[in-house]
Amino acid sequence: MPETSPLDSALTRLDEAATHLNVDADVIEKLKYPRETTKVRLMIRMDDGSRKSFLAWRCRYDDTRGPTKGGIRFHPDATADEVEMLAFWMTFKCAVMNLPYGGGKGAVQVDPRQLSKAELERLSRAYIQAFSRIIGPDRDIPAPDVYTNSMIMGWMADEYSQIVGEGSPAVITGKPLALGGSVGRGDATARGGYYLVCHLAQELGLSGSMKIAVQGFGNAGQHIASMFAADGHTIVAVSDSGGAVYAANGLDLKALMAAKAEGHSVIYTAGHSGHQAIAANELVGVDCDVLVPAALENMIHKTNAETVKARIVLELANGPVTPEADAILASRNVVVLPDILANAGGVTVSYFEWVQNKQGYYWELDEVHTRLRTIMEREGRAVWQHSVDHGVTPRTAAYIHALSRLAEAIEAHGTQSYFDS
Ligand SMILES: NC(=O)C1=CN([C@@H]2O[C@H](COP(=O)(O)OP(=O)(O)OC[C@H]3O[C@@H](n4cnc5c(N)ncnc54)[C@H](O)[C@@H]3O)[C@@H](O)[C@H]2O)C=CC1
Ligand SMILES: O=C(O)CCC(=O)C(=O)O
């Protein structure tokens, strides 16, 4: 069981960063509370004619630096507390990357795997009907997160456009290309993390062929595994909600992708090509150089942090390492590249999508990649420098970097922003 809630984790990290900066206490206080969180009950018609209700939330955590931005998660364990924390992290993530956004997040408490495609579409449209007064292209801009994807974003964008009576692609990012999506958004979360590791390889002491373990073989996890494998690195272990597989000499990624495409767990490939089934919770401790948590929060905690053999943890998931585990990893010289930097490629290419929607002019893939790489390297370097200058972990350095930008914007708004409605 996780030892702290995501809320506690995030605020701990804010407090720690604040000790390294000369920031007014009321600025910190402002950042400890979400601006607004709306909870609704969505009711949809199921295929068998019955009705079913689902709890749903949208949190606009802080909009000091621009419209709130962040994904929508469909998960059976989603809670208001989790949504607020994910929105808090979005606030800091957008500030780390210097994107002109605040932070938001949404969720529906549902297991989408239990719904038919038609039910999923009705639920997605119901979400937008409920939150159409809260979201907007210059107010709050959703995107995909766990168990949501471009198809769902397409339905949502379509619903919003119908409600407002005109095409409004910039209201949601991560859309299908046919509805104004951006090339390069699909693998952007992983690509940002990949660019970061490549850029800091020397500082991280990484060279030659590496062994990689990936926890969570979904959008972020599959793409990062492919990128590292394409460079000749060995993917030794992957997991998903159904289990984990391990192969010291490297997993067959093609077979894993095929199993996922058919709706199976990675465990379906056990026995194939030397794939050995292991318990999902063993993945954290497998012998590897880089461990990539790409599933959910609090997966590396005080009881398994000691087992980590990797030298580098690349957090593609949001909040996968608890503060207690952070301290254990730091004491063992394991470098954690923190979520608010490492997985920010996703929201950065979402920003590119929003810009393209507003311009009505669409970029080539090369342009998306070049701009993403430039921003990842610039902000990654700045975070690394803060960590050297202040003698802190990259996580604390990333919070320092973001907090200084947030504090400057809060001050620049003047006193009125303290009483925003
Ligand atoms: N999609 C995006 O644009 C971004 C996603 N993220 C974060 O990355 C993480 C993964 O998100 P996506 O790849 O988009 O979601 P996804 O829904 O595509 O994949 C999630 C994966 O995690 C696996 N999983 C769930 N519970 C697990 C468990 N207990 N152990 C191992 N695996 C488990 C699922 O089976 C699935 O393979 C989340 O923390 C998300 O918030 C962060 C930035 C952007
Ligand atoms: O692409 C976006 O706007 C947000 C993605 C997201 O939810 C995240 O970075 O956690």
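Our subject is the structure listed above.
Residues numbered from 1 in each chain as written. Chains lettered and ligands numbered in written order. Predicted model: local features only at pLDDT ≥ 70, side-chain atom pairs only at ≥ 80, totals over all residues. Heavy atoms only, no water.

(A) Representation of the overall build of the protein chain in the model. When helices and strands are counted, the protein chain shows 14 helices and twelve strands. At 21 Å, the protein chain has a C-alpha radius of gyration in line with the 22 Å of a compact globule built from 421 residues. The buried share among the 421 residues of the protein chain stands at 58%. Considering only contacts in the protein chain between residues 6 or more positions apart, those separated by 24 or more positions represent 69%. Within the structure as shown, the protein chain displays about 16600 Å² of accessible surface, and the carbon and sulfur contribution to it stands at 50%. In the protein chain, the 39 positive side-chain charges and the 50 negative ones have mean positions that sit 4 Å from each other. (Helix = DSSP H or I, 4+ residues; strand = E, 2+ residues; numbered from the N terminus. Rg over C-alpha atoms; globule rule 2.2 N^0.38 Å. Buried < 20%, exposed > 50% of the residue type's maximum accessible area, 1.4 Å probe, protein only. Contact = heavy atoms within 4.5 Å. Areas by Shrake-Rupley, 256 points an atom, 1.4 Å probe, with all protein chains shown as cover. Lys, Arg positive; Asp, Glu negative; His and termini not counted. Charge placed at Lys NZ, Arg CZ, Asp CG, Glu CD.)

(B) Inspection of the packing of aromatic side chains at higher detail. Considering all chains together, one arrives at eleven aromatic pairs under this definition. Between Tyr61 and Phe88, the ring centres sit 5.4 Å apart and the planes meet at 80°, which makes this aromatic pair edge-to-face. One end of the pair, Tyr61, is in strand β2 (residues 51-62); the other, Phe88, is in helix α3 (residues 80-96), and 27 residues separate them in sequence. As far as the burial class goes, Tyr61 and Phe88 line up, both buried. Every member of this aromatic cluster is reached through a ring pair, and the members are Tyr101, Tyr351, Phe352, Trp354 and Trp363. Here Arg371 stacks its cationic end above the ring of Trp363, 4.7 Å away from the centre of that ring. (Phe/Tyr/Trp six-rings, centres within 6.5 Å; stacked < 30°, edge-to-face > 60°. Lys NZ or Arg CZ within 6 Å of the ring centre and 35° of its normal.)

(C) Here's a closer look at helix α12 (residues 345-359). Between its first and last C-alpha atoms α12 spans 21 Å; for 15 residues at 1.5 Å apiece the expected length is 21 Å, and the two agree. Those residues of α12 that sit buried are Gly345, Gly346, Val347, Thr348, Val349, Ser350, Phe352, Glu353, Trp354, Val355, Gln356 and Asn357. Here the buried face of α12 lies against β3 (68-75), α3, β5 (140-144), α6 (188-199) and α13 (365-390). Count one or two residues on from α12 and you reach Gly360, which has phi positive near 65°. (Expected span 1.5 Å × (residues − 1).)

(D) Layout of the nonpolar core. One finds Phe88, Phe92 and Leu314 to be the most contacted residues of the largest nonpolar core, which totals 90 residues. With eleven residues, the top contributor of residues to this core is α3. When residues of this core are sorted by domain, at least three fall in each of domain 1 (34-179) and domain 2 (188-342). With residues up to four places along the chain from it excluded, the contact list for Leu314 reads Gly193, Val197, Ile224, Phe228, Val290, Leu291, Val292, Pro293, Leu337 and Ala342. Counting residues in hydrophobic clusters, the runner-up holds 27 residues, among them Val40, Phe54, Ala56 and Ile134. (Core = buried A, V, L, I, M, F, W, Y, C linked by side-chain atoms within 4.5 Å. Domains from an automatic or database assignment.)

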